[in-house]
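A closer look at the structure
Single-letter residue listing:
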Amino acid sequence: HKVNLILRYMRRRKLPVGLQNRVQQYVKHTMEHEAQTTLGSELATLLSSPLQAELTSCVRGGILRSAAYIFSRSPDRFLRAVVQHCETQLFAVGDFLVEE
């Protein structure tokens, strides 16, 4: 549904086809990966705050353990503390990421 709204918006404004394709790919990618890395708003409303935090910690902790060697051997307590400061951010293929 969201993808269709965005596509109609871009077509009405006659945006370049290449840009439309990149936006469409990004939205689909984001929607697929969002379910893997964050609690959906519907699920979050069903859970208590401590249970939300525990579930988020487990999901993100698993991602950190698989993505970085340093976290693969870290104690669970340390990983839970790190995960509390993590934020999910998704980027499109070809995006430039710069931190100053």
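Anyway, here's the lowdown on the structure attached to this text.

Examining the side chain of Ser57
Assignment of secondary structure puts Ser57 in helix α4 (residues 49-67). Discounting chain neighbours no more than four positions away, the residues touching Ser57 are Arg80, Val83 and Gln84.

Things to note about the side chain of Ser74
Structurally, the position occupied by Ser74 is in the loop between α5 (69-72) and α6 (76-83). Ser74 sits in the buried class, given a relative accessible area of 11%. A distance of 2.8 Å separates a polar side-chain atom of Ser74 from the backbone oxygen of Ile70.

Let's talk about a nonpolar patch on the surface
Among the surface-exposed residues, Leu55, Val59 and Ile63 lie close enough to one another that they form a single nonpolar patch of about 190 Å² accessible area. Locating Ile63 in the fold gives a position in helix α4. The partly exposed category is assigned to Ile63, whose relative accessible area is 36%.

Notes on the pattern of salt bridges
Considering all chains together, one arrives at one salt bridge under this definition. Put simply, Asp76 and Arg65 hold a salt bridge, and the shortest N to O gap is 2.4 Å. On the criterion of sequence distance, the pair formed by Asp76 in helix α6 and Arg65 in helix α4 is long-range, its members being 11 residues apart.

Let's talk about the environment of Tyr69
When you line up the elements, Tyr69 lands in helix α5. A polar contact of 2.7 Å, which involves the side chain of Tyr69, links it to the side chain of Arg73.

Some remarks on the packing of α4 against α6
It is the contact of α4 with α6, at a shortest axis distance of 9 Å, that shows an interaxial angle of 105°. By the criterion of interaxial angle, the relationship of α4 to α6 is roughly perpendicular. Contact with α4, carried on its side by Thr56, Ser57, Arg60, Gly61, Leu64 and Arg65, involves Asp76, Leu79, Arg80, Val82 and Val83 of α6 and no other residues of that element.

Parameters at a glance
- Residues numbered from 1 in each chain as written.
- Predicted model: local features only at pLDDT ≥ 70, side-chain atom pairs only at ≥ 80, totals over all residues.
- Heavy atoms only, no water.
- Helix = DSSP H or I, 4+ residues; strand = E, 2+ residues; numbered from the N terminus.
- Contact = heavy atoms within 4.5 Å.
- Buried < 20%, exposed > 50% of the residue type's maximum accessible area, 1.4 Å probe, protein only.
- Polar contact = N/O pair within 3.5 Å; in protein donor to acceptor, adjacent residues only side chain to side chain.
- Patch = residues over 30% accessible without salt bridge, like charges linked within 9 Å, V, L, I, M, F, W, Y side chains within 5 Å.
- Areas by Shrake-Rupley, 256 points an atom, 1.4 Å probe, with all protein chains shown as cover.
- Salt bridge = Lys/Arg side-chain N within 4 Å of Asp/Glu carboxyl O.
- Axes fitted to C-alpha atoms, helices over the stretch in contact; angles between N-to-C directions.
- Parallel < 35°, antiparallel > 145°, perpendicular 65-115°, else oblique.

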